[in-house]
Amino acid sequence: MAGGKEKSVKALKEVWRRAENSLCADCGKPDPDWASSTLGVFICLSCSGIHRNIPSISKVKSLKMDHWDDAQVQFLAQHGNAVTKATYEAHIPIYYYQPTYNDCQVLREQWIRAKYERKEFTEPGKQLPYSDGVKEGILWKRGRDNGQFLPRKFLLSEREGSLKYFTKQDAKEPKVIIKIDVINATFQPVKTGNPNGLQITYLKDNKTRNIFVYHENGKEVVDWFNAIRSVQFHYLKVAFPIASDNELKSRLTRNFLKEGYMEKTGPKQKEAFKKRWFTLDHRRLMYFKDPLDAFAKGEVFVGSRENGYSVQKGLPSGTQGNFSWHYGLTIVTPDREYLFTCETETDQLDWIAAFTSIINQPMIPQEYASKCLDAISFPS
């Protein structure tokens, strides 16, 4: 009996050690130590919790703590991540956002449900709720001035190349019309205080405008997110006909490289440092008095090293402004230096790493046109 158990454990470990099973099948996290005995995939602890919420589809067990009988081990051996992905991820639209373990719960849950529960990607040409080129519905939008979330009608149209929202459901004219090519959308559950919170960012008069929305239903808000990506993708296909699909995919919605509080001083570098919320959106560094502000108080363009940009640990000697945080960093541009302080050394090093990743990237032609942002005032 003991010999049979040892044989089963050995066979399980052999399947588990296959290269295809070294990453979570759903989020890509290394070294998954759970698996679905009904789907045959190896998954991480976090994704196993989502699987556990759809017991009619997936039954999960720990690879370390639970017993696997011979039939279950054989099932895993016959399937595994590669075989199962070939079935459930066979026809994912190029624009569909596939979350990683760094993404929020609602994105990962709806990705897992889309694959295994709704089987959205098993057939070619399947009609999907985010692939029509048009989407209309109600989202709860945060008021710019009062901070209250109120229901607003939104209309996304590929034909018109825009996203509109209306203050009333029966309104004839939209409150705002946003061109699809200037939109970014990113999930912000912590910032908004809602697990389905979505931040929609767009350019207005060459300044960044933020609106914050959510929907009570996780599937609906993720459908909105992927509908925006779908419309953007088809817009780019027309605008850049010779670009590859992967090139266009890289230009769809993007997560911010880093966000968080730092202290900053003004251009004279003698003013008191003030605590502000910073967002690094590729080469745009923006700061806000409050994380949920509609408009940035200042923006600065972060160029590349060969164009005279760099980031340095610490502040210049003789810095006179009063500051309460002591982990400084300096952004050097061709025109001036920007001084910041962080609360902890970890924050300091994380910000330096984020800036370095951008500065080390060569600038593309479109980014040279944005260099004028470096002239935007960066007041206190």
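Computed from a prediction, not measured in an experiment: that's the story for all the values here.

**Student:** Just checking my understanding: could you explain the overall build of the protein chain for this structure?
**Tutor:** Secondary structure summary: the protein chain contains 10 helices and 17 strands in total. Judged by the C-alpha coordinates and their principal axes, the protein chain covers about 80 × 55 × 45 Å. In the protein chain, which comprises 380 residues, the proportion classed as buried is 49%. Taking contacts inside the protein chain between residues at least 6 apart in sequence as the whole, the part at least 24 apart equals 54%. Carbon and sulfur atoms form 50% of the exposed surface of the protein chain, whose accessible area is close to 18,700 Å².

**Student:** Help me out: how do you make sense of the sheet that holds strand β9 (residues 198-204) in this one?
**Tutor:** Each strand in a sheet pairs with its neighbour through backbone hydrogen bonds, running either in the same direction (parallel) or in the opposite one (antiparallel). If you walk across this open sheet you meet the seven strands as β7-β6-β5-β4-β10-β9-β8, and the pairing is antiparallel. Single-partner strands in this sheet number two, and they are β7 (176-179) and β8 (183-187). Taking each pair of neighbouring strands and ignoring which way they run, the sheet shows an average axis angle of 35°. Pairing analysis gives nine bridges linking strand β4 (residues 134-142) to strand β5 (residues 149-157), with the strands arranged antiparallel. Across the sheet, Val 134 pairs through a bridge with Ser 157, a residue of β5.

**Student:** Could you clarify how one ought to interpret the domain arrangement of the protein chain in this entry?
**Tutor:** Interface size is commonly expressed as the accessible area that is lost once the parts come together. Taken domain by domain, the protein chain consists of domain 1 (1-117), domain 2 (134-250) and domain 3 (258-376). Relative to domain 3, the C-alpha centre of domain 2 lies at a distance of 27 Å. Facing 13 residues of domain 2, the contacting portion of domain 3 comprises 16 residues. In terms of surface lost to domain 3, no three residues of domain 2 exceed Lys 191, Asn 206 and Thr 208, which account for 42% of the buried area on that side. The tally of links from domain 2 across to domain 3 stands at one salt bridge. Among the salt bridges present, the one from Glu 259 reaches Lys 191, with a minimum N-O distance of 2.6 Å. For the interface between domain 2 and domain 3, the tally reads seven residue pairs in polar contact (both at pLDDT 80 or more).

**Student:** Just checking my understanding: could you explain the UniProt feature "domain: PH" (unreviewed entry) in the protein chain for this structure?
**Tutor:** Listed under "domain: PH" (unreviewed entry) in the UniProt record, and renumbered for this structure, are residues 132-233 and 255-360. Helix makes up 20% of residues 132-233 and strand makes up 46%, while its end C-alpha atoms are separated by 13 Å. Summarising residues 255-360: 14% helix, 38% strand, and an end-to-end C-alpha distance of 19 Å.

**Student:** Whenever I open this one, the side chain of Gln 232 confuses me. Can you help?
**Tutor:** Along the chain, Gln 232 falls in helix α7 (residues 218-239). The exposure class of Gln 232 is buried, given its relative accessible area of 6%. Other than its neighbours up to four places away in sequence, Gln 232 contacts Ile 180, Ile 183, Leu 252 and Thr 253.

**Student:** Can you help me understand the side chain of His 51 in this one?
**Tutor:** Topologically, His 51 is positioned in helix α2 (residues 45-52). Side chain to side chain, His 51 and Asp 26 meet in a polar contact 2.7 Å long. Leaving out residues up to four positions away in the same chain, His 51 has contacts with Asp 26, Ser 36, Leu 39, Val 41, Ile 43, Ser 58, Val 60, Ile 112 and Tyr 116.

**Student:** What is the right way to look at the packing of α2 against helix α5 (residues 105-117) in this model?
**Tutor:** A packed helix pair is summarised by two numbers, namely the angle formed by the two axes and the spacing between the axes. Contact pair α2 / α5: the axes reach a minimum separation of 10 Å and the direction vectors enclose 55°. Overall, the two elements α2 and α5 adopt an arrangement that is oblique. Crossing geometry of α2 relative to α5 is assigned as right-handed. Between α2 and α5, the contacting residues are Ser 46, Cys 47, Ile 50 and His 51 on the first element and Gln 105, Arg 108, Glu 109, Ile 112 and Tyr 116 on the second.

About the criteria used
Residues numbered from 1 in each chain as written. Predicted model: local features only at pLDDT ≥ 70, side-chain atom pairs only at ≥ 80, totals over all residues. Heavy atoms only, no water. Helix = DSSP H or I, 4+ residues; strand = E, 2+ residues; numbered from the N terminus. Buried < 20%, exposed > 50% of the residue type's maximum accessible area, 1.4 Å probe, protein only. Contact = heavy atoms within 4.5 Å. Areas by Shrake-Rupley, 256 points an atom, 1.4 Å probe, with all protein chains shown as cover. Pairing = 2+ DSSP bridges. Axes fitted to C-alpha atoms, helices over the stretch in contact; angles between N-to-C directions. Domains from an automatic or database assignment. Buried area = accessible area lost by both parts, 1.4 Å probe. Salt bridge = Lys/Arg side-chain N within 4 Å of Asp/Glu carboxyl O. Polar contact = N/O pair within 3.5 Å; in protein donor to acceptor, adjacent residues only side chain to side chain. UniProt positions renumbered as here; feature names shortened; annotations may be inferred. Parallel < 35°, antiparallel > 145°, perpendicular 65-115°, else oblique. Left-handed = near helix turned anticlockwise from the far one by under 90°.

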